[in-house]
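Structural description and commentary
Listed below, chain by chain, are the residues.
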Amino acid sequence: VALVFAGLELRQSRARDRRKRRVEIEGVAVSWRPPEVPRGPQDAQGRGCWVYEFIAHNPGQLPISDVRIEIHFALDVERVHYDGHVGDHTRTLILETPVLAGGRDRTWRRRLLINYAASHEELRKTTAIISFIDPEDACKRLQNVWPKHEPQADDQGM
């Protein structure tokens, strides 16, 4: 009887460990928010300057390495670099960090020029892919897509 009980306890413990690992891996996330939003077009091309913060979250206990984030926009953006020069039109921003410690976050702050008239609806369609090396298998690359659902437009008529 003791052997059967020990076997059941071991099986339950392994199942808990697998669930915990799955939650830690699937919980590696990217979030974003615009702490500075333009009130209208700011130049002759009708662009507004948005400041975005992109945050990578690692809820697990182990660090993750070779972290790469691809932010996908539904419209063209232009990055304003720290020295003031403006980058080319793009719909994808790449953010990277060699290591993200367990239970920690990493924040990137980016200034973006975006067509003001088109920006409000289109920015709701932004998605991000965060990829990283599996903390338990250095030969395996994992990725999570955020948000988990397909971005929806606000349709009040339905």
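Above: the structure in question.
Keep in mind it's a predicted model, so treat the numbers as computed, not measured.

1. Digging into the pattern of salt bridges
Where charged atoms from two side chains of opposite charge approach closely, those side chains can pair. The tally for this structure, following the rule as stated, stands at 13 salt bridges. Several salt bridges converge on common partners, so that one network encompasses Arg33, Glu36, Glu53, Arg109 and Arg111.

2. Observations regarding a positive patch on the surface
On the surface, a cluster of positive charge is made up of Arg14, Arg16, Arg18 and Arg19. Since its relative accessible area comes to 43%, Arg19 is described here as partly exposed.

3. Observations concerning unusual backbone geometry
Following Trp146, the chain continues to Pro147 via a peptide bond in cis, the omega torsion being -5°. Residue position: Pro147 is located in the segment after strand 7 (137-146).

4. Focus: the nonpolar core
In a soluble, globular protein the nonpolar side chains are often hidden away together inside. Ile69, Ile71, Phe73 and Ile130 are the most contacted members of the largest nonpolar core, which totals 27 residues. For this core, the leading source of residues is strand 3 (residues 64-80), giving seven residues. In this structure Ile69 touches Val30, Ala56, Leu93, Ile94, Leu95, Trp108, Ile129 and Ile130, once residues within four positions along its chain are discounted.

Here is what the cut-offs are and how they apply
Residues numbered from 1 in each chain as written. Predicted model: local features only at pLDDT ≥ 70, side-chain atom pairs only at ≥ 80, totals over all residues. Heavy atoms only, no water. Salt bridge = Lys/Arg side-chain N within 4 Å of Asp/Glu carboxyl O. Patch = residues over 30% accessible without salt bridge, like charges linked within 9 Å, V, L, I, M, F, W, Y side chains within 5 Å. Areas by Shrake-Rupley, 256 points an atom, 1.4 Å probe, with all protein chains shown as cover. Lys, Arg positive; Asp, Glu negative; His and termini not counted. Charge placed at Lys NZ, Arg CZ, Asp CG, Glu CD. Buried < 20%, exposed > 50% of the residue type's maximum accessible area, 1.4 Å probe, protein only. Helix = DSSP H or I, 4+ residues; strand = E, 2+ residues; numbered from the N terminus. Core = buried A, V, L, I, M, F, W, Y, C linked by side-chain atoms within 4.5 Å. Contact = heavy atoms within 4.5 Å.

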